[in-house]
Structure formats: C-alpha cells, structure tokens
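Topology and contacts: notes
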Amino acid sequence: MEKEKEKFDLSEALKGFAEHYEDGISPVWNIGRPKEPFIEIADQVVKPVLDAGCGTGDTSVFFATRGLKVIGIDFVENAILRAKSKVEGRNLPVEFLVKDAVTLDEWDIKFKTVIDSGLLHAIYDRQKYANGLRHVLHSGGRLYVFYFKDDPSSPGGGISDNELRRLFADGWKIESIKSASEDNDEWKMNFAVILRKS
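Being a predicted model, the structure only gives us computed values, none of them experimental.

For the rest of this paragraph, the subject is the packing of aromatic side chains. Evaluation of the coordinates by the stated rule reveals 6 aromatic pairs. Between the aromatic rings of Phe168 and Trp172, the centroid separation amounts to 5.1 Å while the plane-to-plane angle is 85°, which identifies the pairing as edge-to-face. No difference in accessibility class separates Phe168 from Trp172, as the two residues are buried. Through successive ring pairs, a cluster of aromatic residues spans Phe38, Tyr144, Phe146 and Phe191.

For the rest of this paragraph, the subject is helix H4 (residues 77-87). Among the residues making up H4, those that are buried are Ala79, Ile80, Ala83 and Val87. In an axial view of H4, the angular spread of the buried residues amounts to 95°, which keeps them on one side of the axis. Contacts made by the buried residues of H4 are with helix H3 (58-64), strand S2 (70-74) and strand S3 (94-98). Where H4 ends, the next residue or the one after it, Gly89, has phi of about 75°, a positive value.

What follows is about the nonpolar core. Membership of the largest hydrophobic core comes to 28 residues, with the highest contact counts inside it found for Leu50, Tyr129, Leu143 and Phe168. At the level of secondary structure, the elements contributing two or more residues to this core comprise strand S1 (49-52), S2, strand S4 (111-117), helix H5 (126-136), strand S5 (137-148), helix H6 (161-167) and strand S7 (189-196).

Scoring rules and cut-offs
Residues numbered from 1 in each chain as written. Predicted model: local features only at pLDDT ≥ 70, side-chain atom pairs only at ≥ 80, totals over all residues. Heavy atoms only, no water. Phe/Tyr/Trp six-rings, centres within 6.5 Å; stacked < 30°, edge-to-face > 60°. Buried < 20%, exposed > 50% of the residue type's maximum accessible area, 1.4 Å probe, protein only. Helix = DSSP H or I, 4+ residues; strand = E, 2+ residues; numbered from the N terminus. Arc of directions from axis to C-beta. Contact = heavy atoms within 4.5 Å. Core = buried A, V, L, I, M, F, W, Y, C linked by side-chain atoms within 4.5 Å.

Structural data, given as structure tokens:
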C-alpha cells in the first residue's frame, strides 16, 4: 500500500511540475539566467558539474559557456526539451537528460560540483536525494544549493537550518548558509555551500 502511495505522489508531483512547462508557459522561477548566488561563486565551480533540477537549463548553459562540462537533469521532459533547444548548434560541453534526481544513487557518473537551484525544497524524498548527492559527488567536491528558507509562506514550508544539517550530517560539512533573497524578491531564500568530506 505504501508503494502505491509513493507512486501516486510522484505521478502527481510530475504532473504539477509538467504543467509549468506546457506550451507557451514559462515558470515563475525561470528568469533566463542563473540566480545571483551562482554567478557570485562561478569561479569556484569545477568540472564536471551536475545541475540537479536544471529546468530549462539556464544555469547549466551559463557554466558550460565558461568551459565546464555540465550534465543537467530534470524529471520534466518539456523542461529538458527547452534546455536542449537553447544549446542546439552551439557546441557547448553540456548534456541534458530526463532523470529523477531521487535516483542519483543508481548512477555511476561522478562529479566535482553539484548545483541545485531550487530543487531541494521541492523534492519528494529529501533524505534519499541527499544520499544520492553523496553518491555522485567526489570527496572534496561541493554542493551549492539555493532553497526556500523555513517560512509559512514558502512552498512546502521551506527548509530550516536544522533540517539542512540533518540532511547533510553524514559525510558532509556545511561551510556556509546565507540569505539569498534579493531586495525586490518576495521569496525568502538561502544559499548554502556544502563540502562532501567522505
């Protein structure tokens, strides 16, 4: 019975996110460029890079134009189709795949950097996702994550500092957590840098 509920929830989540990428629709979080914290840390990012929950690929493309090998994943096919169209004929070192980020523990590919621009707070199994990130990230690699703070107005209630520490307790070191809300931004966001120790 629990397995059936899990499948139903995943199906509903996919349907909900897919609606944001239907023809002619641009999700509110799709701003045509990376979020500011990713631009600020761009010089610290090393290849290969995983962009988890890449959406239409703006952040992936940004890092690929800097010469970094990037794989962007999203479980919404229309988002990936839009991402692929952005790099068509550009000869950039980026690949886009339809993939559920909760299944990262099944991958054999390893990365030195993972970027997460708004996936963590929306994912249906945060601990499994965090475990998968540890699986694909080399020791000494870094996770850069942009997420909603814990607040009643945040989707899913957001993520508290305590929850972040719990999710990334085993084999990780949280190097920094800072507010990442822009002055004109109604969303309350944080940006964390997390080192994979072992």
